[in-house]
Amino acid sequence: MNRAALIPFLMLLSLGLSAQKLPVKALPDSLPDCVHTRKANLHFPGSRKAEDAFIAKLDSLLSGEISNINIWHIGGSHVQGGHFSYRIMEDLAAMAPGMKGERGFIFPMRLAPTNSDKSFRTSAEGYWECPMMTRNSPYEKPRYGITGFGARTNDSTSRVSFGLGINADSTWTFNKLRVLGYPSEEGGSFPYLLAGADTLRYTYEEKTASYLFELPAETDSVDVFFKVPEGQTFTLNGFQPISGRPGINYFASGVNGAKVRSWLDGAEDLERDLQLVTPDLCIFGLGINDSACKASEFKPSYFKDNYRELIAMIRRSNPDCAFIFITNNDSYRYVKKGMTYNENARAVQKAMYELAEEYGAAVWDLLEVMGGTHTVLEWRDRGLVKTDKLHFTREGYVLLADLFYNALIKDWNNGLE
């Protein structure tokens, strides 16, 4: 479809930068034959009306008619690790001047403990319990919300610090901080910030059930303390650093082992937290854990029904949200005695194409980018997949993020032809 036909000619003349083609991300000079770049485009098995509406918003952002676009990327370990999602965020921020919006949600994953996103640094003091949503735990599980994590403390000396400046890069600054979490008793325990010698107090927002701090100056790091009265607890669900910058706001929510149902089990808090995002585009990276079972045990109808429930929730946040499904990578799955080949990649791929047709969504077919089934060993041998034959290496995630970004830009550029 020629997108220019959707926009009046005089408006196109006024768009300036937004009416021009954008450059794609340069890829390595020599890619292995196992990387099928020609398959790395967006596919639309049904209507592309929602995607065209999203691209029109991108037009308006680049032309300065609107100030922000919101993207939510939800998934499992591919998202939690940060290499994939953060690279997409960086690519979008660099697509044109003024595109670097909000950093998104932060959670100190070492409280879990679990592998941490290396795009920010965290530290903590005091006693914390942090049962993960996808693991058995001796502790009572907290409410999770949009970050997928919850760490509980009853320690009046507890503290969490984080910094967004990595490798001397302090461009992710903020002047407000939202603390996501809840006390065991109403009015019982509160977070507070220490800025120099000053203690900062928060504004409690009833609608989002969060604590909002106004900072005295732009910063890229902060210390948050928790004054927990004896006999009570405070559960931390994460942080949202806020800058107010124009650009693309990229929110990533990933939990190791998460299935679609894992997120729906915390639906009440998740739906509330979606008010903080109201996504214009949602990128779905859920499916690899849903399919980590025998072929006879994977139920496409159940899988699709869970996605329908999640999509309905997102649409209540923003009825015009566009969707992109990322299919499963070719992989092995864990079994008691090690790893065995995951036979369900094609079934998940088929289910996602059917959902995309039903909802007018796009598909980014990672399985075909890899070359189809039984290709993961070649990707491992080329240093793009880890020895577990399930997760990608840092180099693999960076390559996939650049290919995904290029798919968005090519779709943009095709509309200008």
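Throughout what follows, the structure given in this document is the object of discussion.

## With respect to the overall build of the chain
Thinking step 1. Tallying secondary structure elements over the chain gives 11 helices and 18 strands in all.
Thinking step 2. Overall, the C-alpha framework of the chain stretches about 60 × 60 × 40 Å when taken along its three principal axes.
Thinking step 3. Taken over 417 residues, the chain has a buried fraction of 58%.
Thinking step 4. A separation of at least 24 residues holds for 79% of the contacts in the chain among residues at least 6 apart in sequence.

## Describing unusual backbone geometry
Thinking step 1. At the junction of Ala112 and Pro113, the peptide bond is cis and its omega measures out at -15° in the coordinates.
Thinking step 2. Following the sequence through the fold, Pro113 ends up in the loop between α4 (83–93) and β3 (121–125).
Thinking step 3. With a phi angle near 50°, Ala209 is a residue other than glycine that sits in the positive phi range.
Thinking step 4. Mapping Ala209 onto the fold places it in the loop between β9 (203–205) and β10 (210–219).
Thinking step 5. With relative accessibility at 15%, the residue Ala209 sits in the buried group.
Thinking step 6. Notably, Thr278 is not glycine yet its phi reads approximately 40°, a positive angle.
Thinking step 7. If you trace the backbone, Thr278 turns up in the loop between α6 (267–273) and β14 (281–285).

## Quick word on the packing of aromatic side chains
Thinking step 1. One pass over the full model with this rule turns up 21 aromatic pairs.
Thinking step 2. Seen in terms of ring centroids, Phe392 and Tyr397 are 5.4 Å apart; in terms of plane orientation they differ by 65°. Their pairing is edge-to-face.
Thinking step 3. Overall, Tyr397 belongs to the buried group, its relative accessible area being 7%.
Thinking step 4. A network of ring pairs unites the aromatic residues Trp128, Tyr202, Tyr204, Tyr211, Phe213, Phe226 and Phe234 as a single cluster.
Thinking step 5. We note Lys100 situated over the ring of Trp172; from NZ or CZ to the ring centre the distance is 4.3 Å.

## Describing the sheet that holds strand β13 (residues 247–254)
Thinking step 1. Within the open sheet, the six strands sit side by side as β1-β18-β15-β14-β2-β13. Their pairing is mixed. Unpaired on one side and paired on the other, β1 (42–43) and β13 mark the two borders of the sheet.
Thinking step 2. Bridge count for strand β2 (residues 68–75) against β14 is five bridges, and the pairing is parallel. The residue of β14 that forms the bridge with His73 is Ile283.
Thinking step 3. Across the face of the sheet, helix α7 (residues 300–317) comes into contact with β2, β14 and β15 (322–326) while running at roughly 160° to β14.

## Quick notes on the sheet that holds strand β6 (residues 174–183)
Thinking step 1. Read across the open sheet, the five strands follow the order β4-β12-β6-β10-β9; overall the sheet is antiparallel. A single partner strand is all that each edge strand has here, and the edge strands are β4 (151–153) and β9. Along the sheet, successive strands turn relative to each other by an average axial angle of 35°, direction set aside.
Thinking step 2. Here β6 pairs with strand β12 (residues 234–242) via eight bridges, running antiparallel.

## Here we look at the pattern of salt bridges
Thinking step 1. Scanning the entire structure with this criterion turns up 23 salt bridges.
Thinking step 2. Between Arg316 and Glu271 there is a salt bridge, with its nearest N and O atoms 2.6 Å apart. Residue Arg316 is located in helix α7, and its partner Glu271 is located in helix α6; the two are separated by 45 residues in the primary sequence.
Thinking step 3. What makes Arg316 exposed here is its relative accessible area of 53%.

How each quantity is defined
- Residues numbered from 1 in each chain as written.
- Predicted model: local features only at pLDDT ≥ 70, side-chain atom pairs only at ≥ 80, totals over all residues.
- Heavy atoms only, no water.
- Helix = DSSP H or I, 4+ residues; strand = E, 2+ residues; numbered from the N terminus.
- Buried < 20%, exposed > 50% of the residue type's maximum accessible area, 1.4 Å probe, protein only.
- Contact = heavy atoms within 4.5 Å.
- Phe/Tyr/Trp six-rings, centres within 6.5 Å; stacked < 30°, edge-to-face > 60°.
- Lys NZ or Arg CZ within 6 Å of the ring centre and 35° of its normal.
- Pairing = 2+ DSSP bridges.
- Axes fitted to C-alpha atoms, helices over the stretch in contact; angles between N-to-C directions.
- Salt bridge = Lys/Arg side-chain N within 4 Å of Asp/Glu carboxyl O.

These results come straight from atomic positions and should not be treated as a statement about function.
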